[in-house]
Amino acid sequence: MSEISYSYIVEYIRALHTVPNSSILAEIETQIASEAETWPIIKPEVADFMRVQLSLIKPSTILEIGTAVGYSSILMSEYLNKNGKITTLERFPYMIQKATKNIKRAGLEKTIEIIEGDAVNTLLTLPSAHYDVVFMDCAKGQYINFLPECIRVLKPGGLLITDNVLHKGSVAKSRYLIDRRQRTTHSRLRDFLWTIMHSDELVSTVMPIGDGVALSYKIGGNTNES
Ligand code: SAM
């Protein structure tokens, strides 16, 4: 077994993963596969899932929380509407430097804007009901705190995609089986998942792909909805 699925199934799905269009993305993937680098980027099956979601939505505005080296921003930019924009939040200077370089090499400086600083503060500066998609991929213990802001900045009918919500499967285990140091993250992630599944503002699902992905639709974009 892998962390949250049978490893032979994960390996098979990863073998089907398509080579990205962007040479920068292919380069980052190759470096990670060869273990030359250990940058945290979305897993191949999550990348493919995002490609499908974004192809359906054709977003004009995307907010990402957690840029790292810019891999997912560059990937998402391939599915933007013409003149679409991505805003991405990152607090770690090393990552900001790497992402800035990769975004420049990809020729996407006008499309992807990095806002530097802790999302605790930078999220508050963003406009309400502005984004078609919010991709949350940062410190898992913060998801429950960032959720109200994610809902505020999403357009009605927008989509919140949250990565790593199953935390290697530990979220599904009793807290007494979890190492004491991990218990805060465990209970915060459980709070987050319970809240999105029971919110009046969202329709959500949790999927066991990658390290767990939650998909939440913000109610209000369809005239048939009350
Ligand atoms: N989305 C990226 C990708 O797939 O290419 C990977 C993001 S990585 C898993 C998480 C990133 O979030 C790290 O670079 C970390 O520094 C950043 N981060 C974590 N907590 C943050 C916070 N509160 N504010 C801003 N950035 C944060």
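Our subject is the structure that appears above.
Structure report, in brief. The residue count restarts for each chain, going from 1 along the sequence in the order it is written. pLDDT decides what is reported in this predicted model: residues at 70 or higher carry local features, side-chain atom pairs at 80 or more are listed and counted, and totals for whole chains, interfaces and linings draw on all residues regardless. Calculated side-chain values reflect all of the structure's heavy atoms, with hydrogen atoms and water omitted.

### A look at the packing of aromatic side chains
When two rings of Phe, Tyr or Trp (its six-membered ring) have centres within 6.5 Å they constitute a pair, described as stacked for plane angles under 30 degrees, edge-to-face for angles over 60, and tilted for the intermediate range. The final tally for this structure, using the stated rule, is three aromatic pairs. Ring centres 6.1 Å apart and planes at 45° place the aromatic pair Phe 92 and Tyr 94 in the tilted group. Residue burial is assigned from relative accessible area. The probe radius is 1.4 Å, only protein chains are included, and a residue is buried under 20% of its type maximum, exposed over 50%, and partly exposed in between. According to the relative accessible area criterion, Phe 92 is partly exposed, its value standing at 45%. Owing to a relative accessible area of 36%, Tyr 94 belongs among the partly exposed residues under this scheme.

### Description of the layout of surface pockets
Any space left empty among the atoms is revealed by the rolling of a water-sized probe across them. By volume, the largest pocket amounts to about 890 Å³. As for the largest pocket, its lining consists of 33 residues, of which Pro 40, Ile 41, Ile 42, Asp 137 and Asn 164 are closest to the centre. Every helix listed is a DSSP run of H or I at least four residues long, and every strand listed is a run of E at least two residues long, numbered separately from the N terminus. Within the residue set of the lining of the largest pocket, elements represented by two or more residues are α2 (23–33) and β2 (85–90). No other element matches the three residues that α2 contributes to the lining of the largest pocket. Two kinds of site are reported from a 1 Å grid over the protein atoms alone, namely cavities, where a 1.4 Å probe fits but cannot get out, and pockets, open sets with protein on both sides within 12 Å along at least five of seven lines, and residues are called lining when an atom falls within 4 Å of a point. Grid points are joined across faces, edges and corners, and a volume is the space filled by probe spheres set on the points.

### A few points about the site of the ligand
Summary of the distance rule: residues count as near a molecule or strand when at least one heavy atom falls within 4 Å of that molecule or strand. The environment of the ligand is made up of 22 residues, and the closest members are Gly 66, Ser 72, Glu 90, Ala 119 and Asp 137. Surface burial for the ligand is 91%, taken as the share of its 610 Å² of free accessible area covered by protein chains. For a cavity or pocket, the test is whether more than half of a molecule's atoms lie within 2 Å of its grid points; if they do, the molecule sits there. The cavity that encloses the ligand is the largest pocket. Contributing elements (two or more residues each) for the shell around the ligand: α4 (71–77) and β2. With residues, only the protein chains shown are counted as cover, and all accessible areas are computed by Shrake-Rupley using a 1.4 Å probe.

So far we have only geometry, and geometry alone does not tell us how the molecule works.
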